[in-house]
Every structure is written in C-alpha cells, then in structure tokens.
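# Architecture at a glance
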Amino acid sequence: MSFRLIRFAVASFIAAAAAAAAWGSFAQDNPATPPAAQAAPPSAPAAPPAVNPAEPPASTTPAPAAPEAAKPGEPAAPSGEASTGETVDLPARPFAYIEGKADRDEIYSAILGSLGLVKRDMDKANLAPAGRPLAVFVESDDTGFKYHAGYPLASAPEGKTSLSDAVKIGETPSGKAMRFEHQGAYSDIDATYDAITAYLDEKGVDAQDSFVEEYANDVKDPDDPTLQVNIYVLLK
C-alpha cells in the first residue's frame, strides 16, 4: 500500500470513528420518544434529567486546537542556535593545513586523517594550535569535496609558507559569516545543511559557496551522536 493510500485509510478510519462517537452522543442526548400510550399526562411536568453527583457537568468550552503538523517534505529548522543563526565576524588567522579530497561517504575519516598529519608536522616545528581544528570546504561535486583541513595558529612561522611537502601555511577564511550548530553523528550532517539552506532561503541571505566546519570536540567515529560541529556560512 502506498503512503497516499495509507494516509487515506487512516483518515477514513478516523472519520468513521468520529461519526460513531457523534451518533452515540446524539442518541444519549435525544432518547427515542416512548409510545403515546406510555407517555406521561400532558399536565405532568417533565422530569429533569438524572444527574450523577460524582460526574462533573459537561464542559461547553471547546478543546484547544491541536498544533499544526509539519508538512511532508518540508525541512525542519535547525535546532538550538541554528534555528536563528548567529552573525559573526571571522578574523583571518594563520592556518596550517593540508589540501584533500574525499568521497561524501568518507569525508569525515579523510578530514581526521589530514588533521593527524598536520598535527604531526606542527609538533615537529614546535607549533601549538590556537583554536579548534577546522575544515574549509572549497569545492564540491556529485561525488565528494575538496577541502583544507588543519589548525589555526597564533602566528605564522617566520619565513615559511609550509611545514612540509604536504602541510602548507596560509590563512583561515575571514569576513561576515553566519554560525550554525550541528549536534549528532557526522553521518547525519546533511540534514543540518538542508535545514540551514532552507533557513537562508527563507531569510533571503546571500551566501558564498564555501563554508567552514569547526570541530568542537574530539570524536573519531562518524556515527558517534556526541559530535558537535560549528558550521560557518560565509556571506557575500
């Protein structure tokens, strides 16, 4: 049975149940008229309906309307701070990073691998991170993403544009951005991006094609529901 037919069947069942309940209420409030031979004399006053002292009188106040159900196929707004977004100014900071590319199903594992290589070269150069690890997504297609994954630095090593053949020194993206949050498994992050896109469209926000993920905690498993990611959407 299709989804449409299931909804139709459920709606028919609810309608039938409502009709039966209405008929029962009508029959209770309007009992059948007894035959004339058994009717009370016209001069006799009509007996008031029996009242059960243990039963409170029926309320005439209408029941509150049920909340409107979500429309099928309509993306939900991101939860928490992401429901409104937060406009921030991103400063440019020195950035030790690796350029990488990965399929969509492997992107989180690839980013973690890149971060491990960057941290190794930073340790060799006696450089400490000046913030949480980042992934800057610079290009995407139907198969995957190109990204720069690394760590912000307090200052760039003097006279160096790289730490090794793989690890480069550059700058983090800067300018106006909107900050959103994803809390949950990385494998579910597409739903957060769908909600962010719907929010930006609704508000008429003009955004760039690139965005930044900041990993607020250290989570190795992409299915770990405790992951927290700050998502920065750069504005035009």
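In the block above lies the structure referred to throughout.
The structure contained in this document is the topic of the report that follows. On a predicted model such as this, the values are computed, not experimentally measured, just so you know.

### Quick look at helix 3 (residues 189–203)
- For helix 3, with 15 residues, the first-to-last C-alpha span of 21 Å sits near the 21 Å given by 1.5 Å per residue.
- What helix 3 keeps buried is the set Ile189, Thr192, Tyr193, Ala195, Ile196, Tyr199 and Leu200. One side of helix 3 holds all its buried residues, which, seen down the axis, span an arc of 160°. Seen from the buried face of helix 3, the exposed residues on the opposite side, beyond 90 degrees, are Ala191, Asp194, Asp201 and Glu202.
- On its buried face, helix 3 is in contact with strand 6 (175–183), strand 7 (207–215) and strand 8 (228–235).
- Remark: Gly204 follows helix 3 within two positions and exhibits a positive phi of approximately 70°.

### Describing helix 2 (residues 107–124)
- The terminal C-alpha atoms of helix 2 lie 26 Å apart, and with 18 residues this matches the ideal 26 Å at 1.5 Å per residue to within 8%.
- Regarding helix 2, the residues found buried are Ile107, Tyr108, Ile111, Ser114, Leu115, Val118, Asp121 and Met122. Projection of helix 2 onto a plane perpendicular to its axis shows the buried side chains occupying an angular sector of 145°, all on one side.
- Asn126 lies just past helix 2 and shows a positive phi near 55°.

### Looking at the pairing of strand 3 (residues 134–140)
- Summarising the sheet, strand 3 and strand 4 (residues 144–152) pair through 6 bridges and their orientation is antiparallel. Residue pairing across strands places Ser140 opposite Phe145, the latter belonging to strand 4.
- In this antiparallel pair of consecutive strands, strand 3 and strand 4, the connection spans 3 residues.
- Two strands pair when backbone bridges link them, and strand 3 and strand 7 are joined in this way by 4 bridges, in the antiparallel orientation. Considered in strand 7, the bridge of Leu134 is made with Glu214.

### Looking at the side chain of Arg179
- Inspection of the secondary structure puts Arg179 in strand 6.
- For Arg179, a relative accessible area of 14% translates into the label buried.
- A polar contact of 3.1 Å, which involves the side chain of Arg179, links it to the side chain of Glu181.

### Some details on the nonpolar core
- Counting residues in each nonpolar core, the largest one holds 36 residues, and the members touching the most others are Ile107, Ile111, Phe137, Tyr186, Leu200 and Tyr215.
- Secondary-structure elements contributing two or more residues to this core are strand 2 (94–103), helix 2, strand 3, strand 4, strand 6, helix 3, strand 7 and strand 8.
- Counting residues per element, this core draws most heavily on helix 2, at 6 residues.
- If near-sequence neighbours (up to four positions away) are discounted, Phe137 is found in contact with Ile107, Ile111, Phe145, Lys146, Tyr147, Tyr186, Ser210, Phe211, Glu213 and Tyr215.

Rules used in this analysis
- Residues numbered from 1 in each chain as written.
- Predicted model: local features only at pLDDT ≥ 70, side-chain atom pairs only at ≥ 80, totals over all residues.
- Heavy atoms only, no water.
- Helix = DSSP H or I, 4+ residues; strand = E, 2+ residues; numbered from the N terminus.
- Expected span 1.5 Å × (residues − 1).
- Buried < 20%, exposed > 50% of the residue type's maximum accessible area, 1.4 Å probe, protein only.
- Arc of directions from axis to C-beta.
- Contact = heavy atoms within 4.5 Å.
- Pairing = 2+ DSSP bridges.
- Polar contact = N/O pair within 3.5 Å; in protein donor to acceptor, adjacent residues only side chain to side chain.
- Core = buried A, V, L, I, M, F, W, Y, C linked by side-chain atoms within 4.5 Å.

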